[in-house]
Amino acid sequence: MISASGSYSDGASGRIPPMSSQINYVLAGDIGGTNMRAALADRTGSLVASGSVATEPERGFELAEDRLRALFEEMASGVPRDEVGGVVISSAGPIDPGTGIYVYPPNLPGWHGKTMQPGLAESLDMRVTIGHDATLGALAESRYGAGKGAHHLVYVTLSTGVGGGIIANGQMVTGANGHAGEMGHLLVRPGGQSCNVGCDGCLEGIASGGGIARAAQAGIEAGRDTSIIGMSGGDAAAVNAAMVFEAAAAGDALAVEIVDIVIDAVASGFADILNTLDPEYLVVGGGVTGSLQPYWSDLHALIEEKALPHFKGRVPLHVSPLGDDVSLVGAAAYAFDLADSKSG
Ligand SMILES: [Zn+2]
């Protein structure tokens, strides 16, 4: 930002006044299959303004980009533009990390080969970076969440799918191709139910919301006597994970069986994560995490049983306090990092 080299030598104090305003805000975005969110965040990690619009990926990529742009403009409208340091967008993927180009994203049909990065950068006249949602989630938890100040943290989201992000030595771990942290595909139960990718008994196949629903549907198809089918109005296709947890709480045999398998699979996966990465914090979020709360002490004990002996009495398992905002807060944290590295 310093343009005149002569100013180094002619000032009496030898100090140069700042030529640009301070970066006090950044814009953060979060693109999911259902909604797109945008927020203006400050340096405390607070979302000082936030809003959301429906993604409606089937109505076309360009229309979605226009609506997200309008939302960013609205979020930034209350503060001086030169105090806003840039935009980071967390998105469901897969995404090429260098370009932000989507690679057959299952929840954003029709968006393969496209990226919002150049269009938004031009129209907003700001740097725009697109990142992996769970990795940004891990960054959020290490800055503002359960592991504030942690240098080694893993974030896992047990949701419709299972995602993960890694902070090691204080840095986001992205991998050679941007796919690090895919802990949903840890093979925790060989021969068990597979995920949509087709791996054999992976964590996502068994413990995601989708996996739990499919396990119940398989039981119903096999003729098991269960109250779950009644909860879905007799329609097996309408069964969801919440119904399975509700039935398990009421003692339904099929549901209890499924939940036991889920807990065992999650414990195996988490033990593998602890053994491999030795994090200070293993932070868990997502809807299935909420449903597992009544079983949390059982899960904790089982992880301790499966992990290496040095985790005895010190399994660092935490529920995300950031909840649904986790990826937005992580996007904001990364946007400040990028703005500061650029100006510093
Ligand atoms: Zn898998």
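Just so it is clear, the structure is predicted and the values come from calculations on it, not from any experiment. (Residues numbered from 1 in each chain as written. Predicted model: local features only at pLDDT ≥ 70, side-chain atom pairs only at ≥ 80, totals over all residues. Heavy atoms only, no water.)

Student: What is the right way to read the sheet that holds strand S7 (residues 162-168) from this model?
Tutor: Paired through their backbone hydrogen bonds, the strands of a sheet run either parallel or antiparallel. Taken together, the five strands give an open sheet; going across it, the order is S8-S7-S6-S9-S10, and neighbouring strands pair in mixed fashion. Since the sheet does not close on itself, it has two edges, and those belong to strand S8 (171-172) and strand S10 (317-319), each with one partner. For strand S6 (residues 153-158) and S7, the ladder comprises six bridges, and the chain directions are antiparallel. From the neighbouring strand, Tyr 155 faces S7, where its bridge partner is Gly 165. Across the sheet, helix H9 (residues 253-277) is in contact with S6, S7, strand S9 (281-285) and S10; its angle to S6 comes to roughly 160°. (Pairing = 2+ DSSP bridges. Helix = DSSP H or I, 4+ residues; strand = E, 2+ residues; numbered from the N terminus. Contact = heavy atoms within 4.5 Å. Axes fitted to C-alpha atoms, helices over the stretch in contact; angles between N-to-C directions.)

Student: Whenever I open this one, H9 confuses me. Can you help?
Tutor: Helical periodicity: at 3.6 residues per turn, an α-helix aligns residues three or four positions apart in one direction. For H9, built from 25 residues, the straight-helix expectation of 36 Å at 1.5 Å per residue is met to within 8% by its first-to-last C-alpha distance of 36 Å. Taking the backbone nitrogen of Leu 254 as reference, a side-chain oxygen 3.2 Å away marks Asp 252 as the first, capping residue of H9. Of the residues trailing H9, Asp 278 is marked for its positive phi of about 45°. (Expected span 1.5 Å × (residues − 1). Polar contact = N/O pair within 3.5 Å; in protein donor to acceptor, adjacent residues only side chain to side chain.)

Student: How do you make sense of the layout of surface pockets when you look at a structure like this?
Tutor: In this approach, a probe sized like a water molecule rolls over the atoms, and the result shows the empty space that is left. Taken as a whole, the largest pocket spans an internal volume of roughly 1600 Å³. Lining the largest pocket are 48 residues, with Ala 92, Asn 107, Asp 133, Ser 159 and Gly 161 positioned closest to its centre. Classifying every residue of the lining of the largest pocket by side-chain character gives 14 nonpolar, 27 polar and seven charged. When we break the lining of the largest pocket down by domain, the ones giving at least three residues each are domain 1 (7-139 + 325-343) and domain 2 (148-320). (1 Å grid on protein atoms, 1.4 Å probe; cavity = no way out; pocket = protein on both sides within 12 Å on 5 of 7 lines; lining within 4 Å. Points joined across faces, edges and corners; volume = space filled by probe spheres on them. Nonpolar A, V, L, I, M, F, W, Y, C, P; charged D, E, K, R; others polar. Domains from an automatic or database assignment.)

Student: Whenever I open this one, the environment of Ser 320 confuses me. Can you help?
Tutor: Checked against the element boundaries, Ser 320 lands in the loop between S10 and helix H12 (326-343). Distance in space between the C-alpha atoms of Ser 320 and Ala 265 is 20 Å, their sequence separation being 55 residues. Setting aside its immediate chain neighbours within four residues, Ser 320 contacts Glu 141, Tyr 155, Val 283, Val 284, Gly 285 and Val 326. Separated by 2.5 Å, the side chains of Ser 320 and Glu 141 make a polar contact.

Student: What am I meant to see in the pairing of S7 here?
Tutor: Looking along a regular strand, one sees the side chains alternate between the two faces of the sheet. Along S7, six of the seven residues are buried, which leaves the element largely enclosed by surrounding structure. Hairpin connection of S6 to S7: three residues between the antiparallel strands. Two elements, S7 and S8, share two bridges in a ladder whose sense is antiparallel. Along S8, the bridge assignment pairs Ile 167 with Met 172. The hairpin formed by S7 and S8 contains two residues between the paired strands, and Asn 169 there has a positive phi angle of roughly 50°. (Buried < 20%, exposed > 50% of the residue type's maximum accessible area, 1.4 Å probe, protein only.)

Student: Quick question: what am I supposed to make of the sheet that holds strand S5 (residues 128-132) here?
Tutor: Taken in spatial order, the five strands of this open sheet run S3-S2-S1-S4-S5, and their pairing is mixed. Every interior strand has two partners, whereas the edge strands, strand S3 (47-54) and S5, have only one. Across the sheet, the mean angle from the axis of one strand to that of its neighbour is 20°, orientation sign disregarded. Across seven bridges, the pairing between strand S2 (residues 35-42) and S3 is antiparallel. Residue pairing for S3: Ala 39 is matched across the bridge by Ser 50. Against the sheet, helix H2 (residues 61-76) contacts strand S1 (25-31), S2, S3 and strand S4 (84-91), and its axis sits at roughly 25° relative to S2. Its contacts with the sheet put helix H3 (residues 117-124) on S4 and S5, and the angle it makes with S5 is roughly 145°.

Such coordinate-based values are descriptive only and should not be taken to indicate function.
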